[in-house]
Amino acid sequence: MLMRHDVDVIGREIHIPHNDRAVAKNVSVDTVKLTFDTEWAECTSKVAIFKNGSVEFRAAVDGDTVQIPWEALDKPGDLYLSIVGYVGEEKRIVTEKMARPYRVRENGALAGEKPSDPTPDAVQVLLSQAGTATDAANSAAARAEAAQEAAVAGESARETAEASRRTAETARDSAESARVAGEAKRAAAESLRESSESSRISAEEARAAAELKRISAETGREVAEAARVVEFDQMRQDFQGMQFILLSEGQYDPDTSQPTVEGDTSVIYYVPNPRQTVGDLYLEWRYLKLSDGSYLWELIGGRDKLPDAITVADIDAVVSGSDVSKAERYLTLAGLSYLWANIKAWFAAKVHAHDAADIETGELSVAHGGTGASSAAGAQYQILGGMAAADSVEDPTFVLFREDGASATAGAVFKAAGSLVWNWLDAKIRATFGFDANGRIDGAHIKHNAISSDHIAADAVTSAKLADGSVGKDHLDTEMREGWESLSQTTDWISILNEGGNSIKYRRLGGLVTVVVSMTAKPLAQEWNEIAVFPVEIRPKIDLYFPAIPQSGTTPIKCEIAADGKLWAAPHGGTATGFLFVVSYII
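The rules behind these values
Residues numbered from 1 in each chain as written. Predicted model: local features only at pLDDT ≥ 70, side-chain atom pairs only at ≥ 80, totals over all residues. Heavy atoms only, no water. Helix = DSSP H or I, 4+ residues; strand = E, 2+ residues; numbered from the N terminus. Buried < 20%, exposed > 50% of the residue type's maximum accessible area, 1.4 Å probe, protein only. Areas by Shrake-Rupley, 256 points an atom, 1.4 Å probe, with all protein chains shown as cover. Pairing = 2+ DSSP bridges. Axes fitted to C-alpha atoms, helices over the stretch in contact; angles between N-to-C directions. Phe/Tyr/Trp six-rings, centres within 6.5 Å; stacked < 30°, edge-to-face > 60°. Salt bridge = Lys/Arg side-chain N within 4 Å of Asp/Glu carboxyl O. Core = buried A, V, L, I, M, F, W, Y, C linked by side-chain atoms within 4.5 Å. Contact = heavy atoms within 4.5 Å. Polar contact = N/O pair within 3.5 Å; in protein donor to acceptor, adjacent residues only side chain to side chain. pLDDT = per-residue confidence, 0-100. Parallel < 35°, antiparallel > 145°, perpendicular 65-115°, else oblique. Left-handed = near helix turned anticlockwise from the far one by under 90°.

1. Section: the overall build of the protein chain
Along the protein chain, the regular secondary structure elements total seven helices and 26 strands. With 587 residues in all, the protein chain has 21% of them scored as buried. Within the structure as shown, the protein chain displays about 40,800 Å² of accessible surface, and the carbon and sulfur contribution to it stands at 56%.

Shown next, in the form of C-alpha cells:
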C-alpha cells in the first residue's frame, strides 16, 4: 500500500491541497500524484527535484506520478519539491520555490540499515531511455542511407527545376501584388473624388437655394418699404393741412354719433360723447379714403359703451334678497365702500363659543393649550421632553415621579435637590448592608449560616473582626487579591525572545495562554520562515493559523503556531521586514 501525496501545479506554483507530511526512513512507499495546468501539456519529459536539508535528489516523472526517493526521506526535516519540464532541447519550465515545505516527521524505532541500492537518478533514467531510442534510430538510418544515396541525383535535378519554377512564380506573384495594390489605390482615389464632387454639388445647390430665398426676401422688403414710404407720405400730407371741426346737433346721427356732413380727409370731426364722462367729452371721427377709391367714416380710438353703475338701492336689494336686474353693471368706489360697511356689520354678529367636549378629532398643540399628542405617553414627551439639562453637577435638581400620593390636585411629578436624593439613597444602602457611620459592616448583619466555622481560619476575616472595626474594606480587598494570586497559575509575563528590536512574551492563566509577538526587525522571505520554538507548557494541541499585522507596507502575513511549538510566518505575494500580533488560545 503506497501513501499518495496530491500536488497541483498551477501557474508554476506548487499547491499541497491534501496530505503534506511524510515520515522519515520510509522506502519506495511515498508517491506524489501531480496535476498540471495546460502549460505543461507540450513537455516531452519532466523531472522532480527533492531537497531535504543538504540532500538533493532528482527523480524522473512517469506521466503524472513520481516516487519520493528514500534518500530524501532518510532524515526528519523540511522537504522542498520543484518540477522541471522540458520541451525537446529548446524549452524548459521550472516551478517557483514552495511557500511551505513538506514536513518529514521523525520515525519510530527501526531495526536494520538503510537500503543498499541507491535510487536511480533522473538523468540516468532519461539517458537510458535516450540510449535505447538512439540505437533504434541508428539502425533505421543505416537502412535508409542506401535508398537516400540513390535518390540524391534525381532529387538534385528536381530541386533545380523546382527552384526555377519558384523564382518565376515569385516574380509573377510580386507583379500581381503590385497591380492589385495600384488598382486599390486608384479605386480609393476615385471614390474620394466622387465623394468630394457630390459634397461640392450639394453645397452649391444649398447656396443657390439660399440665394433665391435671400433675393425673394429682399424683393418683399423693398415692396413693403415702398408701400410704407407712400403711406407715410400720405399721412404727412394729410396732417400738414389738418383741421378740426366741432359738429353740432343735426350734423351727426344721434344713435351712432357718426357724422352726416360731407366728409373731408384733412379734417378731424368732434361729436359730443353721449356719456359726457370726464376727460372724454367728444368722439373723434376721420373721413378716410380706401385703396379702391371709396371712402368711410372711422372713429379714432374706438368707442366702448360702459355699463351703468351699481346703485345703493341695488346693493340694499341684494342684501335683503330681493330680485335685481341681471344687466351688466359696474361698481363705483362709493358703492364699494357702502358694500364693505354692510359686510362688516354682518360678521360682527357672528361671534360664538364652543365647549371643549365638542372637539372630537385632531390634536391640539401645546401653544393652544393642548398636549400636541393623541396618547398619554406622547403627551409626556411633548410636555417634559424639552426640559433643559442642568448646567452643574454640584447639586442638580431632579424631577421625580410621585409613586405614592399622585393625584389631579397634588400632580404627578415634583422637583428635588440632588443632595436630598443622594441622602435618601445613602440611608437605604446603609440600612440594607449594615454599614455604620465609619463605613464598616456591623457584625449583626452577617447571617449565622453565611460562613461556617470550617471555612474560617485562625487569621481569617471573622464577624467579630467586622463588628469591632479591625477589618475594613481595604483589608478585604487585599485578602481577596492575595488569595487569587496564590492560585497555581502564571500571572507574570515570561519572555521567550527579547533582542535586536524583536520580542516574544507570554502569560498563562490556568488553561488560557496569551502570546504577544513584536518582530520589528525580522526580514521575511517569500516562504514559511521559522521564527521561534515555544516551551512545552504553552504549546497548542493542534496547529493554529491566523493573520499578522505587517511592520510596514501592505503585504499580507500568515502565521502558524504548530503543535510542536514552532512559530512560522510567511508573507503572501512579496517580502516583509517585520510583523506583530497578539493571540490567546486554550491548552
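Resuming the write-up.
2. Brief notes about unusual backbone geometry
Although it is not a glycine, Arg12 adopts a positive phi angle of roughly 65°. Tracing the backbone through its elements, the reader meets Arg12 in the loop between strand E1 (3–10) and strand E2 (13–15). You can call Arg12 partly exposed: its relative accessible area is 42%. For Ser257, which is not a glycine, the phi torsion comes out positive at approximately 65°. Secondary-structure assignment places Ser257 in the loop between strand E11 (243–246) and strand E12 (267–277). Relative accessible area serves as the criterion here: at 2%, Ser257 is assigned to the buried category.

3. Considerations on the sheet that holds E2
Spatially, E2-E1-E4-E7 is the arrangement adopted by the four strands of the open sheet, whose pairing is mixed. This sheet does not close on itself; its edge strands, each paired only once, are E2 and strand E7 (65–67). Sheet twist, expressed as the mean angle between neighbouring strand axes with direction ignored, is 30°. Across seven bridges, E1 lies against strand E4 (residues 30–36) in parallel orientation. The residue of E4 that forms the bridge with His5 is Val32.

4. Examining the packing of aromatic side chains
Taken as a whole, this structure holds eight aromatic pairs when the rule is applied. Seen in terms of ring centroids, Phe36 and Trp40 are 5.2 Å apart; in terms of plane orientation they differ by 45°. Their pairing is tilted. Owing to a relative accessible area of 2%, Trp40 belongs among the buried residues under this scheme. Ring centres 6.2 Å apart and planes at 45° place the aromatic pair Phe244 and Tyr270 in the tilted group. In this pair, Phe244 sits in strand E11 while Tyr270 sits in strand E12, placing the two residues 26 residues apart along the sequence. By relative accessible area, which is 54% here, Phe244 ends up exposed.

5. Quick word on the pattern of salt bridges
Scanning all chains against the criterion turns up 21 salt bridges. Between Glu183 and Arg186 there is a salt bridge, with its nearest N and O atoms 2.8 Å apart. Taken together, the residues Glu183 and Arg186, both in helix H1 (residues 122–240) and three residues apart, mark about one turn of the helix. For Glu183, a relative accessible area of 37% gives the class partly exposed.

6. A word on the pairing of strand E23 (residues 544–550)
Here five bridges tie E23 to strand E24 (residues 557–561), and the two strands are oriented antiparallel to one another. Residue pairing across strands places Phe546 opposite Cys559, the latter belonging to E24. In textbook terms, the turn of a hairpin is the stretch between consecutive antiparallel strands, and for E23 and E24 this stretch comprises six residues, one of which, Gly553, has a positive phi near 80°. Sheet topology places E23 next to strand E26 (residues 579–586); two bridges connect them, and they run antiparallel. Opposite Ile549, over in E26, you have Leu580 as the bridge partner.

7. Details of the nonpolar core
For soluble globular proteins, nonpolar side chains are generally found buried alongside one another. Val7, Val32, Leu34, Phe50, Val66, Leu79 and Leu81 are the most contacted members of the largest nonpolar core, which has 25 residues in total. A per-element tally of this core places strand E8 (residues 77–87) first, with four residues. If we ignore the near neighbours within four places in the chain, the residues touching Leu79 are Phe50, Lys51, Asn52, Ile68, Ala72, Leu73, Met98, Pro101, Tyr102 and Val104.

8. Some remarks on the pairing of E24
Among the five residues that make up E24, four are buried, leaving the element largely enclosed by the rest of the structure. Relative to strand E25 (residues 566–571), E24 is paired through five bridges, and the arrangement is antiparallel. The partner of Glu560 across the bridge, within E25, is Trp568. In this antiparallel pair of consecutive strands, E24 and E25, the connection spans four residues, and Gly565 shows a positive phi of 95°.

9. Some points on the side chain of Arg286
Mapped onto the fold, Arg286 is located in strand E13 (residues 280–289). You can call Arg286 buried: its relative accessible area is 12%. Only 2.7 Å separates the side chain of Arg286 from the backbone oxygen of Thr265, close enough to count as a polar contact.

10. Brief notes about the confidence of the model for the protein chain
Per-chain confidence: the protein chain averages 80 in pLDDT, with 75% of residues scoring 70 or above. By mean pLDDT, the top-scoring element of the protein chain is strand E22 (residues 529–533) (95), and the lowest-scoring one is helix H7 (residues 473–485) (47). Confidence drops under a pLDDT of 50 for residues 446–461, and excluding neighbours within four residues, the segment shows twelve contacts in the predicted structure. Within the model, the stretch residues 479–488 combines pLDDT values under 50 with two contacts to residues more than four positions away or in other chains.

11. Here's the deal with the packing of helix H2 (residues 312–320) against helix H3 (residues 333–348)
With their axes 10 Å apart at the nearest point, H2 and H3 run at an angle of 25° to one another. One way to sum up the angle between H2 and H3 is to call them roughly parallel. Relative to H3, H2 is oriented so that their crossing is right-handed. Contact with H2, carried on its side by Val312, Ile315, Asp316 and Val319, involves Gly335, Tyr338, Leu339, Asn342 and Trp346 of H3 and no other residues of that element.

12. Considerations on the side chain of Asn52
Inspection of the secondary structure puts Asn52 in strand E5 (residues 45–52). A distance of 3.0 Å separates a polar atom in the side chain of Asn52 from the backbone oxygen of Ala72. Beyond its immediate stretch of four places on either side in the chain, Asn52 contacts Ala72, Lys75, Pro76, Gly77, Asp78, Leu79 and Val104.

13. Some words on the sheet that holds strand E19 (residues 494–499)
By way of backbone hydrogen bonds, the strands of a sheet pair with one another, either parallel or antiparallel. Taken in spatial order, the eight strands of this open sheet run E19-E20-E21-E26-E23-E24-E25-E22, and their pairing is antiparallel. Lying at the two open borders of the sheet, with one neighbouring strand each, are E19 and E22. Going from strand to strand, the sheet's axes swing by 20° on average, the running direction of each strand aside. With eight bridges joining them, strand E20 (residues 502–509) and strand E21 (residues 512–519) adopt antiparallel strand pairing. When the sheet's bridge partners are listed, Lys505 is paired in E21 with Val516.

14. Description of the environment of Ala525
Assignment of secondary structure puts Ala525 in the loop between E21 and E22. A sequence separation of 51 residues divides Ala525 from Ala576, and the C-alpha atoms of the two residues are 7.1 Å apart. Sequence-distant contacts of Ala525, that is, excluding residues within four places in its chain, are made with Pro571 and Thr575.

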